[in-house]
Amino acid sequence: MPKPAKIAIVIPKYGTVGGGEGFARYLTNEIAQYDEFDLHVLANQWRADNDNITFHKIPIIHFPKWCTTVSFAYFVKRHLNRTKYDLVHTHERIFSANVFSAHSIPHAIWIRNVRHKSLPSLFDWATMWVERRMYANDNLQFVLPVSSLSDTLIRNSFELSNKQVKILPPGIDLRRFKRDK
């Protein structure tokens, strides 16, 4: 029997709150059912509910605020330099990954068009720096934007081939919304 593929799932908060966190948890739990995968979640916080998943604590420096994105990316990189994975799937901006599930639009567009800020903060500059490094990294094989809007904005902001970008909208767990009669 071949050795299971060792996969790292990267997200700061795994399965705690939010759409991206829930999506990552659902996807990881589904994959964990198969013996051919050895799943590892790299997170700062998590809700563990599956014995087939190994969790690794990734530190985050929360103060000053600009350190949050950079420190998470740095400590993930440090972990990845020490531990070999066959695939790194991230749901957060980090320095290097094979697959990126993009749950948002590029940060520069977010601060300009959504937040209507004329001058980015130090946090914004740091986030944009990590994001640019991730998209420019040769290891990045697939970007999975959650919508056609994200897809268009990512393609317009970063040099990516058509084969690299595939829209992957998150699903809905209909059981959560089922009414008891």
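Not measured: the values here are computed from a predicted model. (Residues numbered from 1 in each chain as written. Predicted model: local features only at pLDDT ≥ 70, side-chain atom pairs only at ≥ 80, totals over all residues. Heavy atoms only, no water.)

Colleague: Even after reading the chapter, I still don't get the packing of helix H3 (residues 107-114) against helix H4 (residues 122-136), so can you show me in this structure?
Modeller: Contact pair H3 / H4: the axes reach a minimum separation of 8 Å and the direction vectors enclose 145°. Touching His107, Ala108 and Ile111 of H3 are Phe123, Asp124, Thr127, Met128 and Glu131, all from H4. The residue inventory of the contact of H3 with H4, partitioned by class, reads four nonpolar, two polar and two charged. (Axes fitted to C-alpha atoms, helices over the stretch in contact; angles between N-to-C directions. Helix = DSSP H or I, 4+ residues; strand = E, 2+ residues; numbered from the N terminus. Contact = heavy atoms within 4.5 Å. Nonpolar A, V, L, I, M, F, W, Y, C, P; charged D, E, K, R; others polar.)

Colleague: Sorry, what's going on with the sheet that holds strand S8 (residues 142-145) here?
Modeller: Strands in a sheet are paired, the pairing made by backbone hydrogen bonds, and the direction either parallel or antiparallel. The sheet built from six strands is open, its strands ordered S5-S3-S1-S6-S7-S8 with parallel pairing. At either margin of the open sheet sits one strand with a lone partner, and together these are strand S5 (53-57) and S8. On average, each strand axis in the sheet is inclined to that of its neighbour by 20°, with strand direction left out of account. As judged from the four bridges shared by strand S7 (residues 99-102) and S8, these two strands associate in the parallel manner. Bridging across to S8, phenylalanine 100 finds its partner in valine 143. Contacts between helix H1 (residues 19-31) and the sheet are confined to strand S1 (5-10), strand S3 (37-43), S5, strand S6 (87-90) and S7, with S3 contributing the most and set at about 160° to the helix. (Pairing = 2+ DSSP bridges.)

Colleague: Even after reading the chapter, I still don't get the environment of isoleucine 154, so can you show me in this structure?
Modeller: Inspection of the secondary structure puts isoleucine 154 in helix H5 (residues 148-157). Taking relative accessible area as the criterion, isoleucine 154 reaches 0% and is therefore assigned buried. A sequence separation of 52 residues divides isoleucine 154 from alanine 102, and the C-alpha atoms of the two residues are 8.9 Å apart. Aside from chain neighbours lying at most four places away, what touches isoleucine 154 is Ala102, Ser104, Pro106, Tyr135, Val143, Pro145 and Leu160. (Buried < 20%, exposed > 50% of the residue type's maximum accessible area, 1.4 Å probe, protein only.)

Colleague: I would appreciate a short explanation of the environment of methionine 128 in the present structure.
Modeller: Topologically, methionine 128 is positioned in helix H4. The spatial distance from the C-alpha of methionine 128 to the C-alpha of threonine 69 is 9.5 Å, given a sequence separation of 59 residues. Here methionine 128 is in contact with His107, Ala108, Ile111 and Pro120, once residues within four sequence places are set aside.

Colleague: Mind showing me how you'd approach the pattern of salt bridges here?
Modeller: Oppositely charged side chains are able to pair whenever their charged atoms sit close together. Going through the model one piece at a time under the given rule, you end up with four salt bridges. Salt-bridge contacts for arginine 25 lead to aspartate 49; the nearest nitrogen and oxygen are separated by 2.4 Å. Here arginine 25, found in helix H1, pairs with aspartate 49, found in the loop between strand S4 (45-46) and S5; they are 24 residues apart in sequence, far enough to count as distant. Using a relative accessible area of 22% as the deciding quantity, one classes arginine 25 as partly exposed. Arginine 93 is the salt-bridge partner of glutamate 131, the closest N and O atoms lying 2.9 Å from each other. Of this pair, glutamate 131 sits in helix H4 while arginine 93 sits in the loop between S6 and S7, and the two are 38 residues apart along the sequence. Take glutamate 131 and arginine 93: they sit in the same class, and that class is buried. (Salt bridge = Lys/Arg side-chain N within 4 Å of Asp/Glu carboxyl O.)

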